[in-house]
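A look at the structure
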Amino acid sequence: MSFSSQNFSPEIVRALTECGYEKLTPIQKQAIPHARRGHDILANAQTGTGKTAAFALPIIQQICNNPKPRSRFNVRALILAPTRELAAQIAKNIEDYTKYVSINVAAIYGGTKMSSQEKKLEQGLDILVATPGRLLEHLELKNVSLANLEFLVFDEADRMLDMGFITDIRAIMSDIRSQPQTMLFSATFSSQMNKLSTEILRKPKRISVDRENATADTVSHVVYPVDEDRKRELLSELIGKKNWQQVLVFVNYKETANMLVEELKLDGIKTVLCHGDKAQSARRRALDEFKEGKARVMVATEVAARGLDIQGLPHVVNYDMPFLAEDYVHRIGRTGRAGQKGHAVSFVSREEELTLVQVETLIGQRIHRVQLTGYEPASRDALLQKMQTKSAFKDRKGRTNNPTDQSAAERRVRLRQAIKNKAKITTMKK
Ligand code: AMP
């Protein structure tokens, strides 16, 4: 099904063609006709399915069909997103789709100056993309008015609830006096989500894309059983031996992310870091370097990487299994996007086996295990004994990713020495 068959203006179809969009994705096929008729929508769709265009294009077309002079502080369409990166990404997509029509869009989110955002809001906007917290700040300062809102979208609504935005969302809703057409997109549903959707949606059309379409069709899943303390080596080895060129690595903790970046650098693998302690500008720089291929690996925590759109990403690694099985679906949503082939790799220690079973139940398929020789998990008894007797830091001899890098080798020796010294000091203190 083509975009021109959906009665989009030639200017919009032209922009979409330039984006490389020819046919509608399944979520677009389902959502666009209902949204064009003005219905509220409750959509179950993961990142990577083309959901942004599914909600944005009907809004853009309806605004084009009914142009209005911009009035100060006024917003016609509001799209709420959980993270800065996702908000920026949505706004960027909308800019691409509206290249040949006269629609203005802005993204506002925390971590950047209020003043530059104030200026954008003051001129009046057709489409505003915002994170809930920052929008609320602007509402309180009367920098923006939602009184005449015509369209409202909640993207990754489950994430917004997970991140505790429910109070902010309620406060924002209390500022909306009109009855906007409302669309809610979420990868997962909970009782809290059902409650919110009944509060904000009026007779919604319910749509859902098959899980197979979102993940299994285009993504191959592989699990490497491995002990926790061998994961670092396994990652370097796979990247080097399999010649992976663009790898997004998920970890559960910022500390793990920091450590892993240092370790990969020691192995001569250009790596960037994306976690919540990093300034907004540093996260953006890291993402740009990763997208442009200047860095081969980006190590990220869940929250920081939420909703990132990285075109054609071939490999996603779960260095740590996520705490919630649903997050597996979110994480691997970064690969195998819109029909491209993707590769989802998970490192699973014995302690993480239960999560793996939960993930398999959720995605409805058993994931292929690959036991790499030399990385077999130790038996439970051996593991216990090792924990009692040995340092957690392994001898890293024999790593071959960058054998010629003399300075890396020297730095590695220094790092090992520093770790030993630290261990000595800790023992002495005891
Ligand atoms: P999203 O789920 O909105 O993050 O979209 C995932 C990726 O698919 C993005 O890179 C989009 O640019 C791309 N995309 C969305 N719709 C289409 C389409 N109809 N054809 C090709 N690519 C698309």
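Definitions and cut-offs
- Residues numbered from 1 in each chain as written.
- Predicted model: local features only at pLDDT ≥ 70, side-chain atom pairs only at ≥ 80, totals over all residues.
- Heavy atoms only, no water.
- Buried < 20%, exposed > 50% of the residue type's maximum accessible area, 1.4 Å probe, protein only.
- Helix = DSSP H or I, 4+ residues; strand = E, 2+ residues; numbered from the N terminus.
- Pairing = 2+ DSSP bridges.
- Arc of directions from axis to C-beta.
- Contact = heavy atoms within 4.5 Å.
- Axes fitted to C-alpha atoms, helices over the stretch in contact; angles between N-to-C directions.
- Core = buried A, V, L, I, M, F, W, Y, C linked by side-chain atoms within 4.5 Å.
- UniProt positions renumbered as here; feature names shortened; annotations may be inferred.
- Parallel < 35°, antiparallel > 145°, perpendicular 65-115°, else oblique.
- Right-handed = clockwise from strand over helix to strand, strands pointing away.
- Phe/Tyr/Trp six-rings, centres within 6.5 Å; stacked < 30°, edge-to-face > 60°.
- Patch = residues over 30% accessible without salt bridge, like charges linked within 9 Å, V, L, I, M, F, W, Y side chains within 5 Å.
- Areas by Shrake-Rupley, 256 points an atom, 1.4 Å probe, with all protein chains shown as cover.
- Salt bridge = Lys/Arg side-chain N within 4 Å of Asp/Glu carboxyl O.

Per an unreviewed UniProt entry, the recorded name for the protein chain is RNA helicase, and the organism is Photobacterium lipolyticum.

**A look at the pairing of strand β9 (residues 247-251)**
A regular strand places its side chains so that they alternate between the two faces of the sheet. With 5 of its 5 residues buried, β9 lies for the most part within the structure. Alternating positions in β9 separate into two faces, V247, V249 and V251 on one and L248 and F250 on the other, with burial throughout. Both β9 and strand β12 (residues 315-318) contribute to a ladder of 4 bridges, which runs parallel. The residue bridging V247 from the neighbouring strand is H315, located in β12.

**Details of helix α8 (residues 166-173)**
Since the α-helix packs 3.6 residues into each turn, any two residues three or four apart lie on the same face. For α8, every residue scored as buried is listed here: I166, D168, I169 and I172. End-on, the buried residues of α8 take up no more than an arc of 160°, which puts them together on one face. Lining the buried residues of α8 we find β2 (75-80), α6 (132-140), β5 (151-154), α7 (157-162) and α9 (191-200).

**A look at the sheet that holds strand β8 (residues 219-225)**
The strand order across the open sheet formed by 7 strands is β10-β11-β9-β12-β13-β8-β14, and the pairing between neighbours is parallel. Across the chains shown, the open sheet's two edge strands, defined by having one partner strand only, are β10 (271-274) and β14 (368-369). Pairing of β8 with strand β13 (residues 342-348), which is carried by 7 bridges, proceeds in the parallel orientation. Paired with V219 across the bridge in β13 is G342. The strands touched by helix α11 (residues 231-241) within the sheet are β8, β9, β11 (297-301), β12 and β13, with β13 carrying the most contacts at an inclination of about 155°. In this fold helix α13 (residues 280-291) packs onto β9, β10 and β11, with an angle of close to 140° to the strand it touches most, β10.

**A short note on the nonpolar core**
Judged by nonpolar contacts, the single largest core of 44 residues is most densely connected at L57, I60, I94, I127 and V129. For this core, the element with the highest residue contribution is helix α3 (residues 51-65), accounting for 8 residues. For I94, the residues in contact, after removing those within four places along its chain, are A56, I60, I79, V105, I127 and V129. Residues V75, I108, L125 and L135 belong to the second largest nonpolar core, which totals 31 residues.

**Re the UniProt feature "domain: DEAD-box RNA helicase Q" (unreviewed entry) in the protein chain**
The sites that UniProt annotates as "domain: DEAD-box RNA helicase Q" (unreviewed entry) are residues 1-29. Counting secondary structure, residues 1-29 comes out at 45% helix and 0% strand; the distance between its end C-alpha atoms is 8 Å.

**A closer look at the packing of α8 against α9**
Each pair of packed helices can be described by the angle between their axes along with the distance between the axes. Between α8 and α9, the shortest axis-to-axis distance is 13 Å and the interhelical angle comes to 5°. By the criterion of interaxial angle, the relationship of α8 to α9 is roughly parallel. Between α8, through I166, I169, R170 and M173, and α9, the contact on the second element is made entirely by Q192, K195, L196, E199 and I200.

**Describing the pairing of β10**
The alternating pattern of β10 places T271 and L273 on one face and V272 and C274 on the opposite face, and all of these are buried. Of the pairings in the sheet, the one linking β10 to β11 comprises 4 bridges and is parallel in character. Bridging across to β11, C274 finds its partner in A300. In this region the chain leaves β10, passes through α13 and returns to the parallel neighbour β11; the handedness of that crossover is right-handed.

**Some remarks on the packing of aromatic side chains**
Working definition: an aromatic ring pair is given by the centre-to-centre distance plus the angle between the planes. Within the structure shown, the criterion is met by 7 aromatic pairs. Ring centres of Y224 and F347 lie 6.3 Å apart, and the angle between their planes is 90°; this geometry places the pair in the edge-to-face category. Linking Y224 in strand β8 with F347 in strand β13, this pair joins segments that are 123 residues apart in sequence. Each member of the pair, Y224 as well as F347, carries the same accessibility label: buried. Site record: aromatic cluster; members linked through ring pairs are F3, F8, Y21 and Y97.

**As for a nonpolar patch on the surface**
The grouping of Y253, F323 and L324 at the surface amounts to a nonpolar patch, some 340 Å² of accessible area in total. Tracing the backbone shows F323 in the loop between β12 and α15 (325-332).

**Concerning the environment of N93**
Tracing the sequence through the fold places N93 in helix α4 (residues 84-97). Relative accessible area serves as the criterion here: at 11%, N93 is assigned to the buried category. Along the chain, N93 and A56 lie 37 residues apart, while their C-alpha atoms are 8.8 Å from each other.

**So, the side chain of E352**
For E352, the location among the structural elements is in the loop between β13 and α16 (353-363). Owing to a relative accessible area of 10%, E352 belongs among the buried residues under this scheme. Ignoring any residue separated from it by four or fewer positions in sequence, one finds E352 in contact with E228, K231, D320, M321 and F347.

**Some words on unusual backbone geometry**
We note that N7 has phi near 65°; this positive angle belongs to a residue other than glycine. By secondary structure assignment, the location of N7 is in the segment before α1 (10-18). Backbone geometry at E156 places phi at a positive 50°, although glycine is not the residue there. Structurally, E156 can be placed in the loop between β5 and α7.

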